[in-house]
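In case you want the letters, here they are:
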Amino acid sequence: MNGPKHTSASSSSGEKQSWLDDTQNIDKIFWGVIFLSVILMLLEPFYYKKPYFSFEGSFGFYGWFSFLACAGLVLVARSLGRVFERGEEYYDADRNSGEDNR
Amino acid sequence: MLLAHLPALVIVIPLICAPLCVLLRGKDWAFIVALLATWASFACSVLLTIQVMKVGTISYAMGGWAPPYGIEIRLDALNVFILLIVSGIGSVVAPYARNSLLLEHIEERAYMFYCAYLLCLCGLMGVAVTGDAFNLFVFLEISSLSSYVLIALGSDRRALTAAYQYLVMGTIGATFIVIAVGLLYQATGTLNMADIANRLPEAGYTNRTVIAAFAFMVIGAGLKIAIFPLHQWLPNAYTYAPNIVSAFLAATATKVSVYILLRFVFSVFGVEFSFVSLPTAIPLLVLAVLAMFLPSIVACFQTNVKRVLAYSSVAQIGYMVLGLGFVSVAGLTASILHLFNHALMKGALFLVLGAVFYRIGSCNIDRMAGLAKQMPWTMAAFVGGGLSLIGVPLTAGFISKWYLILAALEKGWWYIVVLIVVSSLIAVVYVFRVIEAAYFRDAPDDLVNVAEAPISLLAPAWILVFANFYFGVETSISVGIAERAAQSLMGAG
Amino acid sequence: MLWGIPPGLLLILGVLLVPLLPGAWRKAYMTILPLAGLWALAGAETGVFYTFTFFTYEIAPVRIDGLSLVFGYIFHIAAILSVVFAWHNNDTVEQMAGLAYAGSGIGAVFAGDLITLFIYWEAMATTSVFLIWARRSDSAFRAGMRYLIIQVGSGVLLLSGAILMAHQTGSVAFDKMTLGNLATWLILIAFGIKCAFPFFHNWLPDAYPEASVTGTVFLSAFTTKCAVYVLARGFPGTELLIYVGAAMAAFPLFYAAIENDLRRVLAYSLNNQLGFMVVGVGVGSALAINGVAAHAFAHILYKSLLFMAMGAVLYRVGTVKASELGGLHKSMPLTTIFCIIGAASISTPLFAGFIAKSLTLSAAAKDGYPVIWLILMFASAGVFLVSGVKIVYFAFFANDGGKRCKEAPLNMQIAMGLTAILCVVIGVYSPWLYSLLPNDVAYEPYTLSHVINQLQTLIFSALAFALLIRFKFYPPAVNSIYLDFDITYRKWLPVLYKWIVSLVSPGWKSMLQDLRNGLHRMVAYMFRHHGPEGILARTWPTGSMALWVALLLGGFLLIYYS
């Protein structure tokens, strides 16, 4: 992850390089998100909360709940996807034979 | 003076003009005579309607022989309503004949066509006006025989077979009717319908002769109406007949047959006999419901659009019989109203198909693909008529269904309401199949340069389409007459 | 009202002129028409107009009040934006269908009775299907047909309910209803179908992704929001709706998370947003109804913007499959920015969604529904993930898919730009939207705690996404169908039908065969003297007809003499 590794799919065509073509910059974004998360958590003690529910007032509720919600959503969807996944032609498969019967 | 003889004139005009067409021979002359005759009849019908609505039932003794011995012409609200439908459709369709005959390869026999057309009109109107049971049979035969000729004029060779089948079935039906009339004569000793109605209670409701007469009458009329499952003659006849004939017959012939059923079951036999002492309603309702569904489903799978409409007619007849089976003023109103509205929508749709056939020589759904681009006015008229057929609000078709649903609700039969609504959905399918083809598919390669239909074909179709929308909004005329007719039918029993 | 023409009808009647106008004039006309409608509406007085009696029922074609006005405004705005987005398109049918559809939606919102509502309801169904068919592909045709059947079916239920209602109460007025009899249940189900309630929802993710590039933008605005409006009008405070809405807000996200077709992802997340609104209707307090109206307003804007961006991608690249896209920010920088604004508008402070969605969440919290509130929080974080981050990431960033294309056409850029500006303006200056809302409720979205909490929600959602992507836990997008409830009618029903046919048909066939053999013998006998063999063979159906006559006569006589 160290060093200037310029990976690009289309540099050969002479196209203008995008800032995002550099994986280092993508790392920067990744760490930026983590940095922002930490900052937002650090803000917790410094503002007045008026929770409707008791659990809502717990430390960093919005942060960790959202994180768990999203991670859970994707992971559950991923496993559900394996169960419910069918080929693209699933609904078309018997249509042709159905028309023959008519 | 002349006004007093209007009831006779309305049928005498076409009767006299029919041979005139043959004598004149020239196709232009025959056309003019036929046109004038139908329009004159229509004018007479309108005058008669106004008169009946004003003064009530008109009785006219033919040749001055007083009923019940002489032949009586008797006009109440129901009679004039049927008269209006038949002569109205007749006069809208007549101008259409001139052009549409050209491509159906019968122009050299045009005078024969006009003659048969006028005779058929005369027969149908005769059935509607006469007060004499045997006379009714005679007029029915006049109309039937001429309609066999009309159907046989179709350019397709299968028209002959279709006409032949229709002939066989029509004759069976007419025979049944004449058997019924004969049995009634045996039981009551009279042929005047009002007179029969008066004398029947004397003969007794359990009289076997009368019951047999009733059964023959219901089946005979049912055959002419094409009540499911007695409908099989209809699809072929409508499909292979010349387009103008399909339009005319679909809008009038079955309607007149429904009139016969109504008149005999309600006025002559009476509600007391037909529905209270005999279990007639349930079988009719069952047949009606079957008719609403099975032929509709068949219609969804047809490739010839004329056939689609023909099967749809059988389904629509189901609605009429359904209203009749309710045995209530509301139900009869709905039935009679649907007679009128269905004549408007089917007339319009068949005329549209005539225009299509005129340009592309086929009514096949695949040949009609992409037609909306080349014949926008024609296909727009089809959409208008189709919407009415489905029963979309603001069209005549909606009004009939609305009254039918009201009648069912009045009886508290929810499931019938559901059936009516669901069967309308099937109509959506078969109408939209055609619309989808015409608007969304590409035209076949050889049909890319098709011209719009000539105005003489479009105008009659559009008149009927407008009528569909007019009577879908302004209902006082149609509903008013239908209500009065229904009340008098129920009151007569 | 403009020249005395009711709102909605103005567009529908105006459509008739569209085919008569040539190219540029037509586009100008189509843009001015909804603008004129909006202008007329802005000056409209509240009240009920054009009432008349039809049969014995009071018909109120136009009812203008606070609730209908908000939806009226946004529907006009959506129509204008969608028309601009479609300027490049010269398909007459699609142009007409789009405007007529918008007009029907507007008309439905101002309908003061159930009959008028039904008419516009079916008009919406029949006009909108042309936007799907306009894609002119086989699968679009079939999806459109399924869509049409379901939509028209909803109208039929509505009509049945209205008739029952008229029968019971003697009135067809469209006001607040309480569940309890068949009539109101039918009406609720009719609304529910259009609103994509769970198990009725399949038409939405089925049909919207199949519609044309411009058609989907139209579609996303009207049908479902009209359904939300009628629910808010007819069933506010119906507790059942809270649970239905919560389910709706949650389950579509699981599909959206793994679906490959990005317009289908948007369709599923549209369904999820409807869930929020349905919860609001179910809560039914003044604050909640305000939340529903505000959310619908904002949602139409940002969902249109997202569908526009995906439409632009589809138009230029020819696909919106996540698996085939990526790296488009180089080719379509402006579209990327607009799409990011659309994604941000879902719930980021300073954007439209934030000030709208908070109302519903607060209303649910205030009325004491902790579990529902948690589900909505989950849905709120989830929708940002799937219809915000996922869409933007897979379409415009991710691994460069190697696709190179031109930037979106100018008119699309204008439409997206206008929509984006609206999203921002509404979000920054919250009093403007709030002043349009039907109820007077004081609410301040920009409190410190609210803003921080919302930012925590968003950033941690993004963090989850970043981690999942980085450690390759995010399921790769693949071309496939994920089974949904539509398997019942697209798979099981045909299978069941075939099974029944296979069971019944042998017996049926042999029965028919017996009948036919009998008929043949009978016909041969009846027609022995009537012609050559050839005719006999052709005319045997006549015999079967005669048989039916005989059977029926026998049947009637049997009944009568028994």
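These numbers come from a predicted model, not from an experiment. Along each chain, the written sequence defines residue order, and numbers are assigned to residues from 1. Key to labels: chains lettered from A, ligands numbered from 1, both in the order written. Local features in this predicted model are restricted to residues of pLDDT 70 or higher, and side-chain atom pairs are both shown and tallied only at a pLDDT of 80 or more, whereas totals for entire chains, interfaces and linings draw on every residue. Side-chain measures were taken over the full set of non-hydrogen atoms in the model, leaving aside hydrogen atoms and water.

Q: How should I be thinking about the overall build of chain B in this particular structure?
A: The helix count covers DSSP runs of H or I at least four residues long, the strand count covers runs of E at least two residues long, and both are numbered beginning at the N terminus. Scanning chain B from terminus to terminus reveals 20 helices and two strands. At 21 Å, chain B has a C-alpha radius of gyration in line with the 23 Å of a compact globule built from 493 residues. For chain B, the spread of C-alpha atoms along the principal axes amounts to about 70 × 55 × 40 Å. Expressed as a percentage of the 493 residues in chain B, the buried residues total 67%. We call two residues in contact whenever any of their non-hydrogen atoms come within 4.5 Å of each other. Across chain B, every contact between residues at least 6 apart in sequence was considered, and the portion connecting residues at least 24 apart equals 80%. Accessible surface area values rest on a Shrake-Rupley calculation with a 1.4 Å probe, where residue burial reflects the displayed protein chains alone. Surface accessibility of chain B: about 16000 Å² in total, with carbon and sulfur atoms responsible for 67%. Across chain B, the centroid of the 24 positively charged side chains sits 2 Å from that of the 21 negatively charged ones. Radius of gyration means the value over C-alpha atoms here, while the globule rule gives 2.2 Å times the residue count to the 0.38 power. Burial classification: accessible surface area is computed with a 1.4 Å probe over protein chains only, and a residue below 20% of its type maximum counts as buried, one above 50% as exposed, and the rest as partly exposed. Within this scheme the basic residues Lys and Arg register as positive and the acidic residues Asp and Glu register as negative, but His and the chain ends are omitted. Taken as the charge centre is NZ of Lys, CZ of Arg, CG of Asp or CD of Glu, depending on the residue.

Q: Would you mind going over the overall build of chain A with me for this structure?
A: The number of helices and strands found in chain A is three helices and one strand. Taken over 102 residues, chain A has a buried fraction of 29%. Counting only carbon and sulfur atoms, one obtains 63% of the accessible surface of chain A, whose full area is about 6900 Å².

Q: Whenever I open this one, the packing of helix α3 (residues 66-85) of chain C against helix α10 (residues 223-234) of chain C confuses me. Can you help?
A: Angle between the axes and distance between the axes: these two values describe a pair of packed helices. Residue and element names in this part refer to chain C. Each axis is a line fitted through C-alpha atoms, and for a helix only the stretch in contact is used; angles between axes span 0 to 180 degrees, taken between their N-to-C directions. Relative orientation of the contacting elements α3 and α10 amounts to 175°, with a least axis distance of 11 Å. The angle between α3 and α10 falls in the class roughly antiparallel. The segment α3 lies against α10, with Leu67, Ser68, Phe71 and Phe75 engaging Lys225, Cys226, Val228, Tyr229, Ala232 and Arg233. Residue composition of the contact of α3 with α10, by class: seven nonpolar, one polar and two charged. Note on angle classes: values under 35 degrees are labelled roughly parallel, values over 145 roughly antiparallel, values of 65 to 115 roughly perpendicular, and the remainder oblique. Lys, Arg, Asp and Glu make up the charged group, whereas Ala, Val, Leu, Ile, Met, Phe, Trp, Tyr, Cys and Pro make up the nonpolar group; the residues left over, Gly among them, are polar.

Q: Just checking my understanding: could you explain the interface of chain B and chain C for this structure?
A: The interface is formed by 39 residues belonging to chain B together with 35 residues belonging to chain C. Here the buried area means the combined drop in accessible surface, using a 1.4 Å probe, for two parts upon being joined, counting both sides. For the pair chain B and chain C, the summed buried surface comes to about 3900 Å²; carbon and sulfur atoms form 85% of the total. Sorting the residues of chain B by area buried against chain C places B:Trp402, B:Phe432 and B:Phe440 first, and these three jointly supply 17% of that buried surface. A carboxyl oxygen of Asp or Glu within 4 Å of a side-chain nitrogen of Lys or Arg is what we treat as a salt bridge. Counting every contact that joins chain B to chain C gives zero salt bridges. Elements with a contribution of two residues or more to the side of chain B that touches chain C: α6 (158-188), α8 (208-225), α12 (281-300), α17 (396-411) and α18 (414-440) of chain B. Broken down by element, the side of chain B that touches chain C gets its largest block of residues, nine residues, from α8(B).

Q: Which parts of the structure should I look at to understand the packing of aromatic side chains?
A: Geometry of aromatic contacts follows a simple scheme: Phe, Tyr and Trp rings, the Trp one being its six-membered ring, pair when their centres are within 6.5 Å, and the pair is stacked under 30 degrees between planes, edge-to-face over 60, tilted otherwise. Taken as a whole and assessed by the stated rule, the structure comprises 53 aromatic pairs over all chains. Measuring from ring centre to ring centre gives 5.7 Å for B:Phe113 and B:Tyr117, while their planes differ by 20°; the resulting arrangement is stacked. With B:Phe113 and B:Tyr117 both in helix α4 (residues 110-129), this residue pair falls four residues apart, about one helical turn. Each member of the pair, B:Phe113 as well as B:Tyr117, carries the same accessibility label: buried. When the centroid spacing of 5.9 Å and the interplanar angle of 75° are considered together, the rings of B:Trp377 and B:Trp462 count as edge-to-face. Remark: B:Trp462 occurs in helix α19 (residues 455-473) and B:Trp377 occurs in helix α16 (residues 376-390); sequence separation between them is 85 residues. Residue B:Trp377 is classed as exposed on the basis of its relative accessible area of 54%. In textbook terms, an aromatic cluster arises when at least three aromatic residues are bridged by ring pairs, as seen for A:Phe53, A:Phe55, A:Phe61, A:Tyr62, A:Trp64, A:Phe65 and C:Trp373.

Q: I keep staring at the state of the cysteines and nothing clicks. Help me out?
A: All names here are of chain B. Any cysteine sulfur atom paired with another within 2.5 Å is treated as part of a disulfide. The full count for this structure, using the stated rule, is zero disulfides over all chains. Here Cys120 is not cross-linked by a disulfide; its sulfur's nearest cysteine counterpart is in Cys122, at 9.5 Å. Residue Cys122 is classed as buried on the basis of its relative accessible area, which comes to 0%.

Q: Teacher, can you tell me more about a nonpolar patch on the surface here?
A: Two distance rules govern patches: like charges are joined within 9 Å, and nonpolar side chains (Val, Leu, Ile, Met, Phe, Trp, Tyr) within 5 Å, applied only to residues with over 30% relative accessible area and no salt bridge. There is a patch of nonpolar side chains on the surface, built from C:Leu493, C:Leu496, C:Trp499, C:Ile500, C:Leu503, C:Val504, C:Trp508 and C:Met511 and spanning about 840 Å² of accessible area. Residue placement: C:Met511 occurs in helix α20 (residues 487-526).

Q: In this structure, what is going on with the interface of chain A and chain C? I would like to understand it.
A: Frequently, the measure chosen for interface size is the accessible area removed from exposure when the parts meet. Contact with chain A, which involves 52 residues of that partner, is made by 59 residues of chain C. The three residues of chain A that bury the most area against chain C are A:Tyr62, A:Leu73 and A:Tyr91, which together make up 15% of that side's buried surface. One can count one salt bridge joining chain A with chain C. Polar contact is the term for a pair of N or O atoms within 3.5 Å; when the atoms are in protein, one must be able to donate a hydrogen and the other to accept it, and sequence-neighboring residues count only if both atoms are side-chain atoms. At the junction of chain A and chain C, the tally comes to six residue pairs in polar contact (both at pLDDT 80 or more).

Q: Looking at this model, I keep getting lost on the environment of C:Tyr434. Mind explaining?
A: All names here are of chain C. Counting through the fold element by element, Tyr434 comes out in helix α18 (residues 430-436). The exposure class of Tyr434 is buried, given its relative accessible area of 15%. Remark: the alpha-carbon pair of Tyr434 and Gly291, spanning 143 residues in sequence, is separated by 9.5 Å. Aside from chain neighbours lying at most four places away, what touches Tyr434 is Ile355, Leu359, Tyr443 and Pro445.

Q: Teacher, can you tell me more about the pattern of salt bridges here?
A: Should the charged atoms of two oppositely charged side chains come close, the side chains can pair. Residues and elements named next belong to chain B. Overall, the coordinates contain 14 salt bridges over all chains when judged by the stated rule. Here Arg367 makes a salt bridge to Asp446, at a shortest N to O gap of 3.0 Å. Note that Arg367 is positioned in the loop between α14 (329-360) and α15 (371-374) and Asp446 in the loop between α18 and α19, a separation of 79 residues in sequence. You can call Arg367 partly exposed: its relative accessible area is 28%. In this structure Asp446 comes out as exposed when scored by relative accessible area, which is 55%. Between Arg441 and Glu436 there is a salt bridge, and its shortest N-O distance comes to 3.5 Å. Using a relative accessible area of 33% as the deciding quantity, one classes Arg441 as partly exposed. For Glu436, a relative accessible area of 10% translates into the label buried. Taken together, the salt bridges that share partners define one network made up of Asp366, Glu436 and Arg441.

Q: Looking at this model, I keep getting lost on α4(B). Mind explaining?
A: Note that an α-helix has 3.6 residues per turn; residues three or four places apart therefore point the same way. End to end, α4(B) covers 28 Å across 20 residues, agreeing with the expected 28 Å (1.5 Å per residue, within 8%). Across the 20 residues of α4(B), 18 count as buried, placing the element largely inside the fold. Here the expected span of a helix is defined as 1.5 Å times the quantity of residues minus one.

Q: What exactly am I supposed to notice about the packing of α16(B) against α18(B) here?
A: Residue and element names in this part refer to chain B. Between α16 and α18, the least distance of the axes is 9 Å, while the angle of their chain directions is 170°. Taken together, the axes of α16 and α18 lie roughly antiparallel to each other. Only Ser424, Ala427, Val428, Tyr430, Val431, Phe432, Val434, Ile435, Ala438 and Tyr439 of α18 make contact with α16, whose side of the interface consists of Met379, Ala380, Phe382, Val383, Gly386, Leu389 and Ile390. Classifying every residue of the contact of α16 with α18 by side-chain character gives 15 nonpolar, two polar and no charged.

Q: What am I meant to see in the confidence of the model for chain A here?
A: Fine structural detail should not be taken from predicted coordinates in areas where pLDDT scores are low. Residues and elements named next belong to chain A. With 74% of its residues at a pLDDT of 70 or more, chain A shows a mean pLDDT of 74. Per-element averaging of pLDDT across chain A places helix α3 (residues 95-101) at the bottom with 42 and helix α2 (residues 61-84) at the top with 88. The low-confidence segment residues 1-13, where pLDDT is below 50, has 15 contacts with residues more than four positions distant or belonging to other chains. Confidence drops under pLDDT 50 across residues 96-102; counting only partners more than four residues distant or on other chains, this segment forms four contacts. pLDDT expresses how confident the predictor is about each individual residue, on a scale running from 0 to 100.

Q: Explanation requested: helix α13 (residues 286-317) of chain C in the structure shown.
A: Over its 32 residues, α13(C) extends 46 Å from the first C-alpha to the last, a length consistent with the 46 Å expected when each residue adds 1.5 Å. Two residues or fewer past α13(C), C:Gly318 is found with a positive phi of approximately 90°.

Q: Please clarify how the pairing of strand β1 (residues 58-61) of chain B should be interpreted in this entry.
A: Every regular strand shows the same layout, with side chains that alternate between the two sheet faces. Residue and element names in this part refer to chain B. Side-chain alternation along β1 places Ile58 and Tyr60 on a buried face and Ser59 and Ala61 on a face that remains uncovered. Two strands are counted as paired when DSSP detects at least two bridges linking them. Alignment of β1 against strand β2 (residues 72-75), held across four bridges, turns out to be antiparallel. Across the sheet, residue Ile58 finds its bridge partner in β2, namely Leu75.

Q: Explain unusual backbone geometry to me, please; I cannot follow it from the model alone.
A: Negative phi characterises most residues that are not glycine, and trans characterises most peptide bonds. Here the bond from B:Phe228 into B:Pro229 is cis, since omega is 5°, no more than 30 degrees from zero. Locating B:Pro229 in the fold gives a position in the loop between α8 and α9 (233-240). One non-glycine residue, B:Leu394, lies in positive phi territory at about 80°. With respect to the element layout, B:Leu394 can be found in the loop between α16 and α17. Take B:Leu394: its relative accessible area is 48%, and that puts it in the partly exposed class. In this model, C:Lys472 sits at a positive phi of 55°, which is unusual for a non-glycine residue. For C:Lys472, the position within the fold is in the loop between α19 (448-470) and β5 (481-482). A residue is classified by how much of its surface remains accessible, and C:Lys472, at 68% relative accessible area, is exposed.

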